[in-house]
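# Observations on the three-dimensional arrangement
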Amino acid sequence: MTRGKKRSRRVFILTSGFCLLTSVLLPGQENATDRLIRSLQLRVKMYAQDAAGYDNLGAAYIQKGRETGDAAYYELAQQALNKSLDLLSDDPAAASATTHMAVVYMAEHRFDDALTWAQNALALGSGDLTPWAIVVDALTDLGEYDRALAYCSRLEKGSDPEDAQSGLTYERNTRLSYLRFIFGDAKGAVELMRSAIATAVAARMPRENLAWSQYQLGEELFKIGDLKNAEAAYQDALTSYPGYYRALAGLAAMREAQARYSEAIELYQRALAVVPYPIYAAALGDVYAKVGRPEEAKKQYDLVEFIGELNAINKVLYNRELALFYADHDVKVKDALTLAQKELEVRHDVYTWDTLAWALYKNGQPREAAGAMTRALKPGTRDAMLLFHAGMIWNRLGRSDEAKEYLGRALATNAHFHIFYAEAAGRTIEELEQNRNQKSEVRSRKTVRSKVDGQEP
């Protein structure tokens, strides 16, 4: 994988019966996580029966996966954690490795498995309450928001005062923030995420974790149209963790909203150089299309499909992204629907229902789309894209008043929510107004004519 202008070479080493991946990095590329992985690899090589060492190695791979977006690290984490669990069996000390395994399954979008493993970790009776955070995450992706919200309370008290004050507080507030946003309480969501960031700073959490929290704050602010504070949050994330790909992409979206397209292009390119996510390639392609560079746009659109279908794990991780890409660009719309339906088999959150609704709409099934969209809108999420999709679906059904309401709400929430769709929402509202005025004029003329005809002898 290319990172910036430097390249790293990966070597697979067979150690203690499983593969370890070592990144051979150029001077200056290695960070604290790389050094930790290298140290733990040596430890488990020297102490093959050290269950805690394998567990710690698995956790380090998970952290590296977070930092790079490379799913290969989660596979390596699973190998190390399995070794730890083989050594510990059902001992309460296995709770840590079991919890980390649940994190791996979350990263691989195996949400039912993640829920089961988190519950198994709690059943071991170690006293560690952090698996409840994974229970909440899994239930959230499964669309069971009320249960997820209820279980957040399990993260409020711990046997260790320090955990209750720092780690558990952080885990609780980040989850509550997202759930509040889903339920339409954007202000409460922002306040909770700011609190989580303060906790992360005080607890001196890893820089990537802090940057992720600041990025999430930026996302919440951007979705409700607070562009100034969203930009500040993205910049904070880049200060905490320079080159953080999520923050680079968030800032690129900001530049789109500000019509600073050359800067948006450069930022998306930098994000893609770190992690080739399909959504970044699609967004970069859209910017190229906006500025009249169709050849560059096509290259990025081709890259979206290439990444999404590169290997088995990508075909699981990026079903929703590919479905939206196909639907948004009116290509392979039947595949878009198939992918959306496949995603719904494993994830039932509002954004999966929204993706299904949009794919159905693009396949000429507006009534079915309205049913799925109703599911997406049920919690009351203030997301301009969801509201836009609802408006367009209702418009196709001829429900003009509802269409206008949803499209108006989308623009009121964030007038720059999408490089093309924000303008499309405005145009559609104008067309609905014109049609309404024309119908009103026709009715007025008919009324006048009827009155005149009634006066004739």
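One structure accompanies this document, and this report is about it. No experiment lies behind these values; they were computed from the predicted model shown.

Conventions we followed
- Throughout this document, residue positions are counted from 1 along each chain, in the order its sequence is written.
- Two thresholds apply to this predicted model, a pLDDT of at least 70 for residue-level local features and 80 or more for giving and counting side-chain atom pairs, whereas whole-chain, interface and lining totals are computed over all residues.
- To get the side-chain values, all heavy atoms of the structure are used, and hydrogens and water are removed first.
- Salt bridge, as used here, is a side-chain nitrogen of Lys or Arg placed within 4 Å of a carboxyl oxygen of Asp or Glu.
- In DSSP terms, a helix is any run of H or I states spanning at least four residues, a strand is any run of E spanning at least two, and both are numbered starting from the N terminus.
- The buried label applies to any residue whose accessible area, calculated with a 1.4 Å probe on protein chains only, is under 20% of its type's maximum; exposed applies above 50%, and partly exposed to all values in between.
- Geometry is summarised by axes, namely lines fitted to C-alpha atoms with helices restricted to the contacting stretch, and by angles between N-to-C directions that run from 0 to 180 degrees.
- The scheme is simple: roughly parallel for angles under 35 degrees, roughly antiparallel for over 145, roughly perpendicular for 65 to 115, oblique for anything else.
- By definition, any crossing whose near helix is turned counterclockwise from its far helix by less than a right angle is left-handed, and any crossing with a clockwise turn is right-handed.
- The contact rule is simple, with two residues in contact once any of their heavy atoms fall within 4.5 Å.
- Polar here means any residue outside two lists: the nonpolar Ala, Val, Leu, Ile, Met, Phe, Trp, Tyr, Cys and Pro, and the charged Asp, Glu, Lys and Arg; Gly therefore counts as polar.
- For this analysis, a ring pair means two rings from Phe, Tyr or Trp (six-membered ring only for Trp) whose centres lie within 6.5 Å, classed as stacked if their planes differ by under 30 degrees, edge-to-face if by over 60, and tilted for the remaining angles.
- Charges are assigned to positions over rings by a cutoff of 6 Å between ring centre and Lys NZ or Arg CZ, combined with an angular limit of 35 degrees from the ring normal.

## A few points about the pattern of salt bridges
For the structure on display, the rule yields 25 salt bridges. For E433, the salt bridge is made with K404, and the minimal N-O distance between the two is 1.9 Å. In this pair, E433 sits in helix α24 (residues 421-455) while K404 sits in helix α23 (residues 400-413), placing the two residues 29 residues apart along the sequence. Classification of E433 by relative accessible area gives partly exposed; the value is 28%. Judged by relative accessible area, which is 26%, K404 ranks as partly exposed.

## Considering the packing of helix α19 (residues 333-344) against helix α20 (residues 350-362)
Packed helices, taken two at a time, are described by the angle between their axes plus the distance between the axes. For the pair α19 and α20, the least separation of the axes is 9 Å and the interaxial angle reads 155°. As far as their axial angle goes, α20 and α19 are roughly antiparallel. Along this stretch, α19 crosses α20, giving a crossing that reads as left-handed. For the pair α19 and α20, contact is made by V333, A336, L337, A340, Q341, E343 and L344 and by T352, W353, T355, L356, A359, L360 and K362, respectively. Broken down by class, the residue content of the contact of α19 with α20 amounts to nine nonpolar, three polar and two charged.

## Some thoughts on the packing of aromatic side chains
Tallied over the full model, the rule gives 18 aromatic pairs. Ring geometry for Y145 and F183: centres 6.1 Å apart, planes at 75°, overall edge-to-face. Taken together, the residues span a long stretch of sequence, with Y145 in helix α7 (residues 145-151) and F183 in the loop between α9 (167-182) and α10 (186-202) at a distance of 38 residues. When its relative accessible area of 7% is taken as the criterion, Y145 is described as buried. Taking the centre distance of 5.7 Å and the plane angle of 75° together, the rings of Y245 and Y277 count as edge-to-face. You can see Y245 sitting in helix α13 (residues 245-257) and its partner Y277 sitting in the loop between α14 (261-274) and α15 (278-290), a full 32 residues away along the chain. Like Y277, Y245 is buried. In this structure, R154 is placed above the aromatic ring of W132, and the distance from its NZ or CZ to the ring centre is 4.6 Å.

## Looking at the environment of A390
Tracing the chain through its elements places A390 in helix α22 (residues 384-396). Since its relative accessible area comes to 0%, A390 is described here as buried. In this structure, the C-alpha to C-alpha distance between A390 and A403, residues 13 residues apart in sequence, is 7.2 Å. Beyond its immediate chain neighbours, meaning those up to four positions away, A390 contacts M373, L377 and Y406.

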